[in-house]
Amino acid sequence: MSLAGKRFLIIGATQGIGRALAALVAGQGADLIVASRSPERVAKLTGELAATGRLTGKVIDLTDPASISAGMKAAGKIDHLAIPGSAVAFGSFRELDVADAMASMLSKFWGPYQAVREADFSARASVALFSGSASRKPIGAAALTAINSAVEGLGRGLAHELAPVRVNVICPGLVDTEMWSRLPNGQRGEMMEQARRRLPARHVGTAREIAELTLAVLLNPYMTGTVVDIDGGGQVA
Ligand SMILES: NC(=O)c1ccc[n+]([C@@H]2O[C@H](COP(=O)([O-])OP(=O)(O)OC[C@H]3O[C@@H](n4cnc5c(N)ncnc54)[C@H](OP(=O)(O)O)[C@@H]3O)[C@@H](O)[C@H]2O)c1
């Protein structure tokens, strides 16, 4: 599938999986729009990828309805939309503040919900949303399980209602991205090492591996309404 001439919007492109997807798409002839909530980080990314060609940076904050409306309007007609952007709070049901759980839901569920609703899709457009394997395998963070499950339900509902626009959900297991930089170094390393030993794939996922799958799913004309696991075998470990 060619990306030439296609408009490709990534919301949450400045690090992790979104950054890897931007690097993969850049230079393949698409009109690439990279977005996140941070003007500085968007400017840094567009600077880094400038040599690859048709690239625009946009500030879109998934927790701010006005920002989403303005960003989606400015994006114009979209062929491919990926939304790996989110900032979620981790914590057990008893420990996580309700306000933090609600803010996580806003960022990872309602933000993408509104962005898709306000997108102007071309006739054969495709969308990739992101959940996480905590949707089906609780990890001691009930809010996260609920949010990821909600994203997966949204993907199925949208695939049904927006057809022939295709909508799929990418469901990663543990991936070694900057998302984990919130953990103290020792703890992050220990978590990754334990996962490496536990997972049937015997390594922790990389942003590039998830980005490659995301691009394949976005471009495959027969895929819609699915939740695609990429977790190193975490569900069967
Ligand atoms: N990494 C994992 O182990 C893992 C596992 C399961 C599921 N996932 C899910 O996969 C997705 C991508 O994960 P990741 O590891 O790549 O995350 P990440 O490294 O934390 O990157 C998140 C991206 O989202 C952007 N972002 C955060 N809040 C935003 C907002 N309000 N509006 C717009 N952009 C926002 C950030 O950019 P700025 O700071 O510049 O705004 C950043 O580019 C997330 O939904 C995550 O929950 C990840």
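The model shown is predicted, which means the values in this text are computed figures rather than measured ones.

Definitions and limits used
Residues numbered from 1 in each chain as written. Predicted model: local features only at pLDDT ≥ 70, side-chain atom pairs only at ≥ 80, totals over all residues. Heavy atoms only, no water. Axes fitted to C-alpha atoms, helices over the stretch in contact; angles between N-to-C directions. Helix = DSSP H or I, 4+ residues; strand = E, 2+ residues; numbered from the N terminus. Parallel < 35°, antiparallel > 145°, perpendicular 65-115°, else oblique. Left-handed = near helix turned anticlockwise from the far one by under 90°. Contact = heavy atoms within 4.5 Å. Nonpolar A, V, L, I, M, F, W, Y, C, P; charged D, E, K, R; others polar. Pairing = 2+ DSSP bridges. Core = buried A, V, L, I, M, F, W, Y, C linked by side-chain atoms within 4.5 Å. Buried < 20%, exposed > 50% of the residue type's maximum accessible area, 1.4 Å probe, protein only. Salt bridge = Lys/Arg side-chain N within 4 Å of Asp/Glu carboxyl O. Patch = residues over 30% accessible without salt bridge, like charges linked within 9 Å, V, L, I, M, F, W, Y side chains within 5 Å. Areas by Shrake-Rupley, 256 points an atom, 1.4 Å probe, with all protein chains shown as cover. Near = heavy atom within 4 Å. Polar contact = N/O pair within 3.5 Å; in protein donor to acceptor, adjacent residues only side chain to side chain. Phe/Tyr/Trp six-rings, centres within 6.5 Å; stacked < 30°, edge-to-face > 60°. Right-handed = clockwise from strand over helix to strand, strands pointing away.

A.B. asks: Just to check I follow, could you spell out the packing of helix H1 (residues 16–25) against helix H2 (residues 39–49) for this structure?
C.D. replies: A pair of packed helices is captured by two measures, namely the crossing angle of their axes and the spacing between those axes. Two elements in contact, H1 and H2, have axes whose closest approach is 11 Å; the angle formed by their N-to-C orientations is 30°. As judged from the angle between their axes, H1 and H2 are roughly parallel. Taken as a pair, H1 and H2 cross one another with a handedness that is right-handed. Residue-level contacts link Arg19, Ala22 and Ala23 of H1 to Leu45, Glu48 and Leu49 of H2. Counted by class, the contact of H1 with H2 contains four nonpolar, no polar and two charged residues.

A.B. asks: Just checking my understanding: could you explain the sheet that holds strand S6 (residues 166–172) for this structure?
C.D. replies: Pairing between the strands of a sheet is mediated by backbone hydrogen bonds and can be parallel or antiparallel. Taken in spatial order, the seven strands make up an open sheet running S3-S2-S1-S4-S5-S6-S7, and their pairing is parallel. Edge positions in the open sheet fall to strand S3 (55–59) and strand S7 (227–230), since each of these has one partner strand only. Averaged over all pairs of adjacent strands, the angle between strand axes in this sheet comes to 20°, irrespective of strand direction. Sheet topology places strand S1 (residues 7–11) next to strand S2 (residues 31–36); five bridges connect them, and they run parallel.

A.B. asks: What exactly am I supposed to notice about the nonpolar core here?
C.D. replies: Note that soluble globular proteins tend to have their nonpolar side chains buried in a common cluster. In this structure, Phe8, Leu21, Val25, Leu32 and Leu215 are the most contacted members of the largest nonpolar core, which totals 30 residues. At the level of elements, S1, H1, S2, H2, strand S5 (120–130) and helix H7 (207–219) are the ones that each hand at least two residues to this core. The biggest single contributor to this core is H7, with seven residues. Residues contacting Phe8, with those up to four places away along its chain left out, are Leu3, Leu21, Val25, Ala30, Asp31, Leu32, Ile33, His80, Leu215 and Leu218. Leu9, Ile11, Met72 and Leu154 belong to the second largest nonpolar core, which has 27 residues in total.

A.B. asks: Explain the pattern of salt bridges to me, please; I cannot follow it from the model alone.
C.D. replies: Overall, the coordinates contain ten salt bridges when judged by the stated rule. Arg19 is the salt-bridge partner of Glu48, the closest N and O atoms lying 2.9 Å from each other. Separated by 29 residues along the polypeptide, Glu48 in helix H2 and Arg19 in helix H1 bring together distant segments of the chain. Classification of Glu48 by relative accessible area gives partly exposed; the value is 40%. One salt bridge in this structure joins Arg196 and Glu193, with 2.8 Å as the shortest N-O distance. Taken together, the positions of Arg196 and Glu193, both in helix H6 (residues 185–198) and three residues apart, correspond to about one turn of that helix.

A.B. asks: How do you make sense of a nonpolar patch on the surface when you look at a structure like this?
C.D. replies: A surface patch of nonpolar side chains, about 280 Å² in accessible area, is lined by Leu106, Trp110 and Tyr113. Topologically, Leu106 is positioned in helix H4 (residues 98–118).

A.B. asks: Which parts of the structure should I look at to understand the site of the ligand?
C.D. replies: Taken together, 28 residues form the shell around the ligand, and within it Thr14, Ile17, Ser36, Arg37 and Thr177 come nearest. Gly12 is positioned such that a nitrogen or oxygen atom in its backbone is 3.5 Å from an oxygen atom of the ligand. A distance of 3.0 Å separates an oxygen atom of the ligand from a polar atom in the side chain of Gln15. For the ligand, whose free accessible area comes to 900 Å², the fraction covered by protein is 94%. Residues of the shell around the ligand, tallied by class, amount to eleven nonpolar, 13 polar and four charged.

A.B. asks: What exactly am I supposed to notice about the packing of aromatic side chains here?
C.D. replies: Aromatic rings considered in pairs are described by the distance between their centres and by the relative angle of their planes. According to the stated counting rule, one finds four aromatic pairs in the structure shown. Ring geometry for Phe109 against Trp110: centres 4.7 Å apart, planes inclined by 85°, an arrangement best described as edge-to-face. For Phe109, a relative accessible area of 9% translates into the label buried. Seen in terms of ring centroids, Phe109 and Tyr113 are 5.9 Å apart; in terms of plane orientation they differ by 40°. Their pairing is tilted. On the criterion of helical spacing, the pair formed by Phe109 and Tyr113 is a turn pair, its members being four residues apart in helix H4. Judged by relative accessible area, Tyr113 falls into the partly exposed class, the value being 34%. Taken together, the ring pairs in this structure connect Phe109, Trp110 and Tyr113 into an aromatic cluster.

A.B. asks: Please clarify how the pairing of strand S4 (residues 77–83) should be interpreted in this entry.
C.D. replies: Within a regular strand, the side chains alternate between the two sheet faces. S4 sits mainly inside the fold: six of its seven residues count as buried. Pairing of S1 with S4, which is carried by three bridges, proceeds in the parallel orientation. Paired with Phe8 across the two strands is His80, which belongs to S4. Bridge count for S4 against S5 is six bridges, and the pairing is parallel. Within S5, the residue paired with Ile78 across the bridge is Phe121. This β-α-β element, S4 to H4 to S5, shows right-handed connectivity.

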